[in-house]
Amino acid sequence: MMKIWGRTNSTNVRKVLWCAEELKLKYESIPAGGEFGLVNEASYLAKNPNGRIPCLEDGEFVLWESNVIVRYLAKKYGQESFAPADIQTWYAAEKWMDWASLSFGMPFRDLFWNLIRHSPEQRSEEEIALGIKHCTPLMAMANAQLEKTPYLSGSHLGIGDIPLGAIAYSWFSFPIERPSMPALEDWYEGLKSRPAYQKGVMSPLT
Ligand SMILES: N[C@@H](CCC(=O)N[C@@H](CS)C(=O)NCC(=O)O)C(=O)O
């Protein structure tokens, strides 16, 4: 059976779990990373020399980098909405994956660690303020797209929605003030109603 390595409270692992759920794949979720360790053991490093999660094993085939795993699963196992045959539809969706990962990277991480993982003594209000300052215009950009199309991937949920969808779970759960963005909020409400999102993404924020 397909194996997905990585603790389920990781945003990058959530992307892969959610995608696998949307595609109705059978897989084994193996905790690794954080308190589960394993990632620096030789047997894991032989699969992923970065010592990071997630990592996918599909038979003999091993793949790391969350967005690439999502693209692989979509192309190998997805129907039209996840693997559009039209190259422009594919790339129009795919750009939102790299955009989400590259643009949100550090500011989202600062928010996540300060609001969820750090103790009150470790918390930096300055980093939280900066994180909100940088993430808010990015969310506004997604909101502007979602005023035009129901999903970042276009007319249907697809690969382009996965990275921001995983980030959105934390964003909308953080105890912070968020400016109103109705299209983004409607999109997020729609995600939350999907059993695949509930199973793949909505595990406790820790
Ligand atoms: N660009 C990589 C980043 C992978 C990454 O940094 N994963 C984090 C968790 S989100 C990790 O492995 N942290 C170490 C650990 O959990 O032990 C990807 O998207 O897969």
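Residues numbered from 1 in each chain as written. Predicted model: local features only at pLDDT ≥ 70, side-chain atom pairs only at ≥ 80, totals over all residues. Heavy atoms only, no water.

S.K.: Please explain the overall build of the chain as it appears in this structure.
M.R.: When its secondary structure is counted, the chain shows 8 helices and 4 strands. Taken from N to C terminus, the helices and strands of the chain fall in the order β-α-β-α-β-β-α-α-α-α-α-α. Computed over C-alpha atoms, the radius of gyration of the chain comes to 17 Å, within 12% of the 17 Å expected from 2.2 N^0.38 for 206 residues, which places it in the range of a compact globule. Along the first, second and third principal axes, the C-alpha atoms of the chain reach 45 × 45 × 25 Å. (Helix = DSSP H or I, 4+ residues; strand = E, 2+ residues; numbered from the N terminus. Rg over C-alpha atoms; globule rule 2.2 N^0.38 Å.)

S.K.: Where do I start with the domain arrangement of the chain in this structure?
M.R.: Note on interface size: it is often stated as the accessible area lost on association of the parts. Partitioning the chain into domains gives domain 1 (2-77) and domain 2 (87-198). Placing a centre on the C-alpha atoms of domain 1 and another on those of domain 2 gives a separation of 21 Å. In this complex, domain 1 contributes 14 residues to the contact, which on the side of domain 2 involves 22 residues. Summed over both partners, the interface of domain 1 with domain 2 buries about 1,500 Å², with 66% contributed by carbon and sulfur atoms. Counting across the domain 1 and domain 2 interface gives 3 salt bridges. Of the charged contacts, one joins Arg 71 and Glu 94 as a salt bridge, the two residues approaching to 3.2 Å between their closest N and O atoms. Applying the counting rule to domain 1 against domain 2 returns 7 residue pairs in polar contact (both at pLDDT 80 or more). With 7 residues, the single largest contributor to the side of domain 1 that touches domain 2 is helix α1 (residues 11-22). (Domains from an automatic or database assignment. Contact = heavy atoms within 4.5 Å. Buried area = accessible area lost by both parts, 1.4 Å probe. Salt bridge = Lys/Arg side-chain N within 4 Å of Asp/Glu carboxyl O. Polar contact = N/O pair within 3.5 Å; in protein donor to acceptor, adjacent residues only side chain to side chain.)

S.K.: Would you mind showing me how to read the site of the ligand here?
M.R.: Contacts to the ligand come from Arg 7, Ser 10, Asn 12, Gly 33, Gly 34, Arg 52, Ile 53, Pro 54, Glu 65 and Ser 66. Gly 34 has a polar backbone atom sitting 2.8 Å from an oxygen atom of the ligand. Between Ser 66 and the ligand, the recorded distance is 2.6 Å, taken from a side-chain N or O atom to an oxygen atom. Taken by itself the ligand offers 500 Å² of open surface, and the protein chains cover 73% of this. Here the residues of the shell around the ligand sort into 2 nonpolar, 5 polar and 3 charged. (Near = heavy atom within 4 Å. Areas by Shrake-Rupley, 256 points an atom, 1.4 Å probe, with all protein chains shown as cover. Nonpolar A, V, L, I, M, F, W, Y, C, P; charged D, E, K, R; others polar.)

S.K.: Teacher, can you tell me more about the pairing of strand β1 (residues 2-5) here?
M.R.: The side chains of a regular strand alternate between both faces of the sheet. Direction of pairing for β1 relative to strand β2 (residues 27-30): parallel, over a ladder of 4 bridges. Within β2, the position partnered with Ile 4 by the bridge is Ser 29. With respect to chirality, the unit in which β1 leads through α1 into the neighbouring parallel β2 is right-handed. For β1 and strand β3 (residues 55-58), the ladder comprises 3 bridges, and the chain directions are antiparallel. Residue pairing across strands places Ile 4 opposite Leu 56, the latter belonging to β3. (Pairing = 2+ DSSP bridges. Right-handed = clockwise from strand over helix to strand, strands pointing away.)

S.K.: It is not clear to me how the environment of Met 181 should be interpreted in this structure. Could you clarify?
M.R.: Looking at the element boundaries, Met 181 is found in the loop between α6 (162-173) and α7 (182-192). For Met 181, a relative accessible area of 6% gives the class buried. Residues Met 181 and Ala 100, 81 residues apart in the sequence, show an inter-C-alpha distance of 17 Å. (Buried < 20%, exposed > 50% of the residue type's maximum accessible area, 1.4 Å probe, protein only.)

S.K.: What am I meant to see in the sheet that holds strand β4 (residues 61-64) here?
M.R.: Strand pairing in a sheet is mediated by backbone hydrogen bonds. Such pairs are either parallel or antiparallel. With mixed pairing, the 4 strands of this open sheet are ordered in space as β2-β1-β3-β4. The open sheet has two edge strands with one neighbour each: β2 and β4. Taken pair by pair, the neighbouring strands of this sheet meet at an average axis angle of 15°, ignoring direction. As paired elements, β3 and β4 share 4 bridges and run antiparallel to each other. Within the sheet, the bridge partner assigned to Leu 56 lies in β4 and is Leu 63. (Axes fitted to C-alpha atoms, helices over the stretch in contact; angles between N-to-C directions.)

S.K.: Even after reading the chapter, I still don't get helix α5 (residues 125-146), so can you show me in this structure?
M.R.: In an α-helix, one turn spans 3.6 residues; hence positions three or four apart end up facing the same way. The first and last C-alpha atoms of α5 sit 31 Å apart over 22 residues, in line with the 32 Å expected at 1.5 Å per residue. Looking only at α5, the buried set comprises Ile 128, Gly 131, Cys 135, Thr 136, Leu 138, Met 139, Ala 142, Asn 143, Gln 145 and Leu 146. Of the surrounding elements, those touching the buried residues of α5 are α4 (87-117), α6 and α7. (Expected span 1.5 Å × (residues − 1).)

S.K.: When you look at the nonpolar core in this model, what are you seeing that I'm missing?
M.R.: In summary, soluble globular proteins display a tendency toward joint burial of nonpolar side chains. Judged by nonpolar contacts, the single largest core of 65 residues is most densely connected at Leu 73, Phe 104, Leu 164, Leu 184 and Trp 187. Residue contributions to this core reach at least three from each of two domains, namely domain 1 (2-77) and domain 2 (87-198). Setting aside residues up to four positions removed in sequence, Phe 104 forms contacts with Trp 99, Arg 109, Cys 135, Leu 138, Met 139, Leu 164 and Ile 167. (Core = buried A, V, L, I, M, F, W, Y, C linked by side-chain atoms within 4.5 Å.)

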